[in-house]
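This is what each chain is made of:
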Amino acid sequence: DTEVTQTPKHLVMGMTNKKSLKCEQHMGHRAMYWYKQKAKKPPELMFVYSYEKLSINESVPSRFSPECPNSSLLNLHLHALQPEDSALYLCASGGTSGDPDTQYFGPGTRLTVL
Amino acid sequence: EDQVTQSPEALRLQEGESSSLNCSYTVSGLRGLFWYRQDPGKGPEFLFTLYSAGEEKEKERLKATLTKKESFLHITAPKPEDSATYLCAVPPDSSNTGKLIFGQGTTLQVKP
């Protein structure tokens, strides 16, 4: 099973709202990732958690706040977003002893900021 | 500089018309090359990981091959349901950070 789940599928929020995106995997992967994807562009890395610790922050604005409560869960807290933050947000997981680099993506959350 | 380039940017095929997509990379210490398929509005679906030159992997109508400088995704007798954007990616030539460098993708349209 290589399934990564994400909720919600769609989210519409105003610039003053606070919302959270959720991601879950049960494959025992040691790393989890948040990506942002704009139309007709490849995914753009935002954050990497390795063994539940934040290992990479790609200079993401503080209005995006990641959280990794345990090895299976990853959250992305959103606050005071801008319309240009509207995008497809993808979660991925990966990293096993036999396959350290392959990443498996979830279905994404389509975020619209009004 | 680590770089991944995919060509063509877009490809239109008739059903049954075989073709190949190209992914060239400049990472010197390749730790793996990954192919994904992405349908509009959905997350990338993992297809293949290739680790060394000469390696080949197949799945249904798709076959991925790897040389020291590029990878090809061969599509044999494609069907309309193969229409999607195909992305390739490699880890950068640095310590194991979990990053991937993606190409810009090839958007494939297969007409019946």
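Conventions and cut-offs
Residues numbered from 1 in each chain as written. Chains lettered and ligands numbered in written order. Predicted model: local features only at pLDDT ≥ 70, side-chain atom pairs only at ≥ 80, totals over all residues. Heavy atoms only, no water. Helix = DSSP H or I, 4+ residues; strand = E, 2+ residues; numbered from the N terminus. Rg over C-alpha atoms; globule rule 2.2 N^0.38 Å. Buried < 20%, exposed > 50% of the residue type's maximum accessible area, 1.4 Å probe, protein only. Contact = heavy atoms within 4.5 Å. Areas by Shrake-Rupley, 256 points an atom, 1.4 Å probe, with all protein chains shown as cover. Lys, Arg positive; Asp, Glu negative; His and termini not counted. Charge placed at Lys NZ, Arg CZ, Asp CG, Glu CD. Pairing = 2+ DSSP bridges. Buried area = accessible area lost by both parts, 1.4 Å probe. Salt bridge = Lys/Arg side-chain N within 4 Å of Asp/Glu carboxyl O. Polar contact = N/O pair within 3.5 Å; in protein donor to acceptor, adjacent residues only side chain to side chain. Nonpolar A, V, L, I, M, F, W, Y, C, P; charged D, E, K, R; others polar. Phe/Tyr/Trp six-rings, centres within 6.5 Å; stacked < 30°, edge-to-face > 60°. Axes fitted to C-alpha atoms, helices over the stretch in contact; angles between N-to-C directions.

> Looking at this structure, how should I read the overall build of chain B?
Within chain B one finds zero helices and eleven strands. For chain B, the succession of helices and strands along the chain, N to C, is β-β-β-β-β-β-β-β-β-β-β. Relative to the compact-globule value of 13 Å for 112 residues, chain B shows a C-alpha radius of gyration of 14 Å, a close match. Counting only C-alpha atoms and orienting by the principal axes, one finds that chain B spans roughly 45 × 30 × 20 Å. Going through the 112 residues of chain B one by one, you find that 45% of them count as buried. In chain B, the share of contacts with a sequence separation of at least 24, taken over all contacts with a separation of at least 6, comes to 55%. Of the roughly 5,500 Å² that chain B leaves accessible, carbon and sulfur atoms contribute 47%. Of the charged side chains in chain B, 13 are positive and 15 negative, and the gap between their average positions amounts to 1 Å.

> Would you mind going over the pairing of strand E1 (residues 4-7) of chain B with me for this structure?
The side chains of a regular strand alternate between the sheet's two faces. Residues and elements named next belong to chain B. A one-sided burial pattern is seen for E1, the buried positions being Val4 and Gln6 and the unburied ones Thr5 and Ser7. The pairing of E1 with strand E3 (residues 19-25) spans four bridges and is antiparallel. Paired with serine 7 across the bridge in E3 is asparagine 22.

> I tried to follow the interface of chain B and chain A on my own but got confused; where do I start?
Interface size, as often reported, equals the accessible area lost upon joining of the parts. Taken together, the contact pairs 21 residues of chain B with 23 residues of chain A. Taken as a group, B:Pro44, B:Lys99 and B:Phe102 account for 25% of the area that chain B buries against chain A, more than any other trio of residues on that side. Linking chain B with chain A are two salt bridges, by the criterion used here. Between A:Asp101 and B:Arg31 there is a salt bridge, with its nearest N and O atoms 3.3 Å apart. At the surface where chain B touches chain A, the tally comes to seven residue pairs in polar contact (both at pLDDT 80 or more). Residue composition of the side of chain B that touches chain A, by class: nine nonpolar, nine polar and three charged.

> Just checking my understanding: could you explain the packing of aromatic side chains for this structure?
Aromatic ring pairs are defined here through the distance separating the ring centres and the angle between the ring planes. Within the structure shown, the criterion is met by nine aromatic pairs over all chains. A centroid spacing of 5.2 Å and a plane angle of 65° characterise the contact between A:Tyr104 and B:Phe46, whose relative ring orientation is edge-to-face. Residue A:Tyr104 is found in strand E10 (residues 103-105), and its partner B:Phe46 is found in strand E5 (residues 45-50); the two belong to separate chains. Taking relative accessible area as the criterion, A:Tyr104 reaches 14% and is therefore assigned buried. Consider the rings of B:Tyr36 and B:Phe46, whose centres lie 6.0 Å apart with planes at 70°: the pair is edge-to-face. One end of the pair, B:Tyr36, is in strand E4 (residues 33-38); the other, B:Phe46, is in strand E5, with ten residues separating them in the sequence. One aromatic cluster is present, built from ring pairs that chain together A:Tyr33, A:Tyr35, A:Tyr104, A:Phe105, B:Tyr36, B:Phe46 and B:Phe102.

> Is there a simple way to explain the sheet that holds strand E3 (residues 18-25) of chain A in this structure?
Sheet strands associate in pairs through backbone hydrogen bonding, adopting either a parallel or an antiparallel arrangement. All names here are of chain A. Spatial strand order, E1-E3-E8-E7: four strands in an open sheet with antiparallel pairing. With partners counted over all chains shown, the strands left at the sheet margins are strand E1 (4-7) and strand E7 (64-70), one partner each. Geometrically, the sheet is characterised by an average inter-axis angle of 20° between neighbouring strands, direction not taken into account. Looking at chain direction, E7 and strand E8 (residues 73-79) are connected through five bridges and run antiparallel. By the bridge assignment, asparagine 70 is partnered in E8 with leucine 73.

> Explain unusual backbone geometry here, please?
Phi is mostly negative for residues that are not glycine, and the peptide bonds are mostly trans. Residues and elements named next belong to chain A. With omega at -10°, the peptide bond leading from threonine 7 into proline 8 counts as cis. Here proline 8 lies in the loop between E1 and strand E2 (10-13). If you check the backbone angles, tyrosine 51 has positive phi at about 50° while not being a glycine. As for its position among the elements, tyrosine 51 is in the loop between strand E5 (44-50) and strand E6 (53-57). Since its relative accessible area comes to 60%, tyrosine 51 is described here as exposed. Backbone geometry at alanine 80 places phi at a positive 55°, although glycine is not the residue there. For alanine 80, the position within the fold is in the loop between E8 and strand E9 (87-94). On the basis of relative accessible area, alanine 80 is assigned to the partly exposed category, the value being 30%.

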